Amino acid sequence: MSDKDPQPGNPGTNLAQVFDQIAEKIIEQQEAIIGPIAVEQAKKVPAIKLDWAQHGVDINGDPQKAIDDLIQQFKELFGQIAVETCREAVSKILPLLPSDKVPASLK
């Protein structure tokens, strides 16, 4: 884990940061596989604002829907394997979310 990864029990970790981190990890993982197309696909999700030069991700609105929409973008291109890749990318972050806040596409 990097220094900026959220830590369980860290009072500085809030849900918005966790969702931003989930989106960032998904985009990073997809970028490692498909290259810059991943960033272009992420930019198509209206609720996600990117500053990818800094790996900055900011979710506006419903974060669960934003993550589901992001995963759907990749699923439309690459099918179910993209969803599985997204789940794997965030497997260490998901425990930081209450179970009722986990996006449907990551369950």
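Here the structure is shown first, and the text comes after it.
So, here's what we can say about the structure.

What counts and how
- Numbers given for residues are sequential positions, taken from 1 along each chain in its written order.
- Under the rules for a predicted model, residues below a pLDDT of 70 receive no local features and side-chain atom pairs below 80 are neither given nor counted, while totals for whole chains, interfaces and linings still include all residues.
- Heavy atoms throughout the structure, all of them, feed into the side-chain values; hydrogens and water do not.
- Segments assigned H or I by DSSP are reported as helices when at least four residues long, segments assigned E as strands when at least two residues long, and all are numbered from the N terminus.
- By this rule, a helix spans an expected 1.5 Å times one less than how many residues it contains.
- Between buried and exposed lies partly exposed: a residue is buried under 20% and exposed over 50% of the maximum accessible area for its type, with that area taken using a 1.4 Å probe on protein chains only.
- Two residues qualify as a contact provided that any one of their heavy atoms is within 4.5 Å of a heavy atom in the partner residue.
- Polar contacts here mean pairs of N or O atoms no more than 3.5 Å apart (in protein, one a potential hydrogen donor and the other a potential acceptor; neighbouring residues in sequence count only if both atoms are side-chain atoms).
- Working convention: axes come from line fits to C-alpha atoms, limited for helices to the stretch in contact. Angles between N-to-C directions cover 0 to 180 degrees.
- An angle below 35 degrees is treated as roughly parallel, one above 145 as roughly antiparallel, one from 65 to 115 as roughly perpendicular, and anything else as oblique.
- Polarity classes work like this: nonpolar for Ala, Val, Leu, Ile, Met, Phe, Trp, Tyr, Cys and Pro, charged for Asp, Glu, Lys and Arg, and polar for all others, with Gly in that last group.
- Grouping into patches uses exposed residues only, defined as over 30% relative accessible area, and leaves out salt-bridged ones; the cut-off is 9 Å for like charges and 5 Å for nonpolar side chains (Val, Leu, Ile, Met, Phe, Trp, Tyr).
- Computed with a 1.4 Å probe, the accessible areas rest on the Shrake-Rupley method; for each residue, only the protein chains presented here act as cover.
- For this analysis, a salt bridge means a side-chain nitrogen from Lys or Arg found within 4 Å of a carboxyl oxygen belonging to Asp or Glu.

Attention now moves to helix H1 (residues 15-34). Counted at 1.5 Å a residue, the expected span for H1 with its 20 residues is 28 Å, and the 28 Å between its end C-alpha atoms agrees. Those residues of H1 lying buried are Val18, Phe19, Asp20, Gln21, Ile22, Ala23, Glu24, Ile26, Ile27, Gln30 and Ile34. Of the surrounding secondary structure, the elements contacted by the buried residues of H1 are helix H2 (37-42), strand E1 (48-51), strand E2 (56-59), helix H3 (63-78) and helix H4 (80-89). Its side-chain oxygen 3.0 Å from the backbone nitrogen of Ala16, Asn14 forms the N-cap of H1. Immediately beyond the C-terminal end of H1, within one or two residues, lies Gly35, with a positive phi of roughly 80°.

Before going further, it helps to spend a moment on the packing of H3 against H4. Between H3 and H4, the shortest axis-to-axis distance is 6 Å and the interhelical angle comes to 140°. Comparing their axes, H4 and H3 come out oblique. On the side of H3, the interface is formed by Ile71, Phe74, Lys75 and Phe78, while H4 contributes Gln80, Ile81, Ala82, Val83 and Cys86. Its residues assigned to classes, the contact of H3 with H4 comprises seven nonpolar, one polar and one charged.

Secondary-structure assignment places Ile22 in helix H1. Those residues in contact with Ile22, other than ones at most four positions away along the chain, are Ile67, Val90, Ile93, Leu94, Leu97 and Leu106.

Here we come to a nonpolar patch on the surface. Judged by side-chain polarity, Ile37, Leu77, Phe78 and Ile81 come together as a nonpolar surface patch covering roughly 380 Å² of accessible area. Its place among the elements puts Phe78 in helix H3.

To continue, consider the packing of H1 against H3. Remark: H1 packs on H3, axes separated minimally by 9 Å, with the N-to-C direction vectors making an angle of 10°. With respect to their mutual orientation, H1 and H3 come out roughly parallel. Judged by residue contacts, Phe19, Ile22, Ala23, Ile26, Ile27, Gln30 and Ile34 of H1 engage Pro63, Gln64, Ile67, Leu70, Ile71, Phe74 and Phe78 from H3. Residues that form the contact of H1 with H3 fall into these classes: 12 nonpolar, two polar and no charged.

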